[in-house]
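Chain by chain, the residues:
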Amino acid sequence: MGTVTLTFDNGPEPGVTDDVLDTLAAYDVSAAFFVVGSRIESAEGLRCARRAVDEGHRVGNHTYHHDKALGLLGPNAARGEIARTQKLLDGIVTERLFRPIGGDGYDGALGDHLLSRAACDLLIAEAFTVVLWNAIPRDWELPHGWVDVALERCRTLDHAVLVLHDLPTGAMTHLPTFLDRAMDEGVRFSCGFPPSCLPLEHGVPRHALDSYVRPNRV
């Protein structure tokens with residue numbers, strides 16, 4: 001196996017996120033957490049995000065409501081989903097990472113529904129790095145079966161960006177099993193991202209960015 005970057009979406013969820021952080025610390029693995037803004041408005045949610053940063057993990061923006069893909073929203077709504085969450089994060093992070101949602105029946109798929117022109121203009125102007133993914137083991141649907149799916153997918157990639165969810169489905173109780181098995185197969189864990197998953201880096205678009213912008217929002 002090659003390199004795996006663990007990413008956790010849709011949290012934080014106090015208790016579950018804490019358990020994930022405890023596990024990562026025990027295995028000395030760094031990861032990235034893409035948080036939903038409405039979840040870090042609470043004191044406990046913000047505490048989890050701060051803890052992740054303090055323990056050396058990367059924390060990024062995963063919209064405020066996590067309702068609809070930004071390509072399906074009007075300009076003001078799309079900008080607001082990013083800006084409202086980033087206002088909460090700017091006091092605790094030193095980099096600006098953004099992960100769009102697949103959402104709305106797209107099952108996490110990549111495509112031109114992910115972003116709108118208004119969202120892209122904001123992300124470029126404020127020097128965000130947009131982080132996509134290439135491995136989704138569907139842990140929300142297979143809370144006790146995702147480990148095999150994740151390992152199978154990671155074996156096919158030189159650098160897998162794996163999407164998991166620190167939510168109360170029971171899936172994260174199997175994180176130690178995944179880490180044990182992946183390490184036994186020689187996986188190198190990293191909190192970096194391959195260029196193929198970064199259509200926008202520090203506000204500089206790559207050519208592929210156009211593939212993720214819905215034409216009817218231009």
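Along each chain, residue indices are assigned from 1 in the same order as the chain's sequence is written. In view of the model being predicted, local features appear only for residues whose pLDDT reaches at least 70, and side-chain atom pairs are presented and counted only at 80 or more, with totals across whole chains, interfaces and linings using the full set of residues. The side-chain figures draw on all heavy atoms in the structure; neither hydrogens nor water molecules are used.

Q: Quick question: what am I supposed to make of the overall build of the protein chain here?
A: When its secondary structure is counted, the protein chain shows six helices and nine strands. Taken against the 2.2 N^0.38 rule, which gives 17 Å for 218 residues, the C-alpha radius of gyration of the protein chain at 16 Å falls within 12% of a compact globule. Taking the principal axes of the C-alpha coordinates as reference, the protein chain spans close to 45 × 40 × 30 Å. By the convention used here, residues are in contact when the closest approach between their heavy atoms is within 4.5 Å. Look at the contacts in the protein chain between residues 6 or more apart in sequence, and 81% of them connect residues 24 or more apart. Helix and strand definitions here come from DSSP, where helices need a minimum of 4 consecutive H or I residues and strands a minimum of 2 consecutive E residues; each element is numbered from the N-terminal end. To get the radius of gyration, use the C-alpha atoms; to get the globule rule, take the number of residues to the power 0.38 and multiply by 2.2 Å.

Q: Is there a simple way to explain the packing of helix α1 (residues 16-27) against helix α6 (residues 175-184) in this structure?
A: Each pair of packed helices can be described by the angle between their axes along with the distance between the axes. In this analysis, axes come from line fits to C-alpha atoms, helices being fitted only over the stretch in contact, and the angle between any two N-to-C directions falls in the range 0 to 180 degrees. Remark: α1 packs on α6, axes separated minimally by 10 Å, with the N-to-C direction vectors making an angle of 25 degrees. With respect to their mutual orientation, α1 and α6 come out roughly parallel. Along this stretch, α1 crosses α6, giving a crossing that reads as right-handed. Where α1 approaches α6, its residues Val 20, Thr 23, Leu 24 and Tyr 27 are matched on the opposing element by Leu 175, Pro 176, Leu 179, Asp 180 and Met 183. Of the residues assigned to the contact of α1 with α6, the class counts are seven nonpolar, one polar and one charged. Any angle that falls under 35 degrees is termed roughly parallel, while one over 145 is termed roughly antiparallel, one within 65 to 115 roughly perpendicular, and all others oblique. Here a crossing is taken to be left-handed if its near helix is turned anticlockwise relative to the far helix by less than a right angle, and right-handed if that turn runs clockwise. All amino acids are sorted into three groups, where Ala, Val, Leu, Ile, Met, Phe, Trp, Tyr, Cys and Pro are nonpolar, Asp, Glu, Lys and Arg are charged, and the leftover types, Gly among them, are polar.

Q: What's the story with the nonpolar core in this structure? I'm lost.
A: Nonpolar side chains in soluble globular proteins generally cluster together in the buried interior. With 35 residues, the main nonpolar core has Leu 6, Phe 8, Phe 33 and Phe 178 as its most contacted residues. Secondary structure elements with two or more residues in this core: β1 (3-9), α1, β2 (32-35), α2 (43-54), α5 (146-154), β6 (159-165) and α6. In terms of residue count, α5 provides more of this core than any other element does, five residues in total. Nonpolar cores are built from buried Ala, Val, Leu, Ile, Met, Phe, Trp, Tyr and Cys residues. Side-chain atoms within 4.5 Å join them into one set. The buried label applies to any residue whose accessible area, calculated with a 1.4 Å probe on protein chains only, is under 20% of its type's maximum; exposed applies above 50%, and partly exposed to all values in between. Counting 20 residues, the second-largest nonpolar core is a separate cluster that includes Ile 82, Phe 98, Leu 114 and Val 163.

Q: How should I be thinking about the environment of Thr 156 in this particular structure?
A: With respect to the helices, strands and loops of the structure, Thr 156 is situated in the loop between α5 and β6. When the C-alpha positions of Thr 156 and Ala 135 are compared, they lie 9.8 Å apart, and in sequence the two are 21 residues distant. Of note is the side chain of Thr 156, whose polar atom sits 2.7 Å from the backbone oxygen of Arg 153. Polar contacts, as used here, are pairs of N or O atoms within 3.5 Å; protein pairs need one atom able to donate a hydrogen and one able to accept it. Residues neighboring in sequence count only if both atoms are side-chain atoms.

Q: What's the story with the packing of helix α3 (residues 75-89) against helix α4 (residues 117-125) in this structure? I'm lost.
A: Viewed as axis vectors pointing N to C, α3 and α4 meet at an angle of 35 degrees, and their least axial separation amounts to 8 Å. For the crossing formed where α3 meets α4, the hand is right-handed. Within the contact between the two elements, α3 uses Pro 75, Ala 78, Arg 79, Ile 82 and Ala 83 and α4 uses Ala 118, Ala 119, Leu 122 and Leu 123. Looking at the contact of α3 with α4 residue by residue, the class counts come to eight nonpolar, no polar and one charged.

Q: What's the story with the environment of Ile 124 in this structure? I'm lost.
A: Locating Ile 124 in the fold gives a position in helix α4. Measuring from C-alpha to C-alpha, the distance between Ile 124 and Gly 203 comes to 4.1 Å, with 79 residues separating the pair along the chain. The contact partners of Ile 124, leaving out residues within four places of it in the chain, are Leu 200, Gly 203 and Pro 205.

Q: What exactly am I supposed to notice about α6 here?
A: Residues lying three or four places apart along an α-helix face the same way, a consequence of the helix completing one turn every 3.6 residues. Taken together, the buried positions of α6 are Leu 175, Phe 178, Leu 179 and Ala 182. Axial view of α6: buried residues confined to an arc of 95 degrees, hence all on one face. Summarising the contacts, the buried residues of α6 are in contact with β1, α1, α5, β6 and β7 (188-189). Just downstream of α6, Gly 186 is the residue with a positive phi angle, here 90 degrees. What the arc describes is the spread of directions from the helix axis to the C-beta atoms.

Q: Sorry, what's going on with the packing of aromatic side chains here?
A: The geometry of an aromatic ring pair comes down to the distance between the two centres and the angle between the two planes. Pairing of aromatic rings covers Phe, Tyr and Trp, the last counted by its six-membered ring, and requires centre-to-centre distances within 6.5 Å; plane angles under 30 degrees mean stacked, over 60 mean edge-to-face, and any other angle means tilted. Overall, the coordinates contain four aromatic pairs when judged by the stated rule. An angle of 20 degrees between the planes, with centres 5.0 Å apart, marks the rings of Phe 8 and Phe 33 as stacked. Here Phe 33 lies in strand β2 and Phe 8 lies in strand β1, a separation of 25 residues in the sequence. For Phe 33, a relative accessible area of 3% translates into the label buried. Put simply, the rings of Trp 146, Phe 178 and Phe 189 touch in pairs and so form one group of aromatic residues. Should the NZ of a Lys or the CZ of an Arg lie within 6 Å of a ring centre and within 35 degrees of the ring normal, that charge is described as sitting over the ring. Sitting above the plane of the Tyr 64 ring, Arg 84 keeps its charged end 3.8 Å from the centroid.

Q: Before we go on, may I ask you to explain α3 in this structure?
A: Here α3 spans 22 Å end to end across 15 residues, near enough to the 21 Å set by a 1.5 Å rise per residue. Turning to α3, its buried residues number three or more, namely Ala 78, Glu 81, Ile 82, Thr 85, Gln 86 and Leu 89. In this structure, the buried residues of α3 make contact with β2, β3 (58-61), β4 (97-98) and α4. Take the number of residues in a helix, subtract one, and multiply by 1.5 Å to get its expected span.

Just geometry here; none of it tells us what the structure is for.
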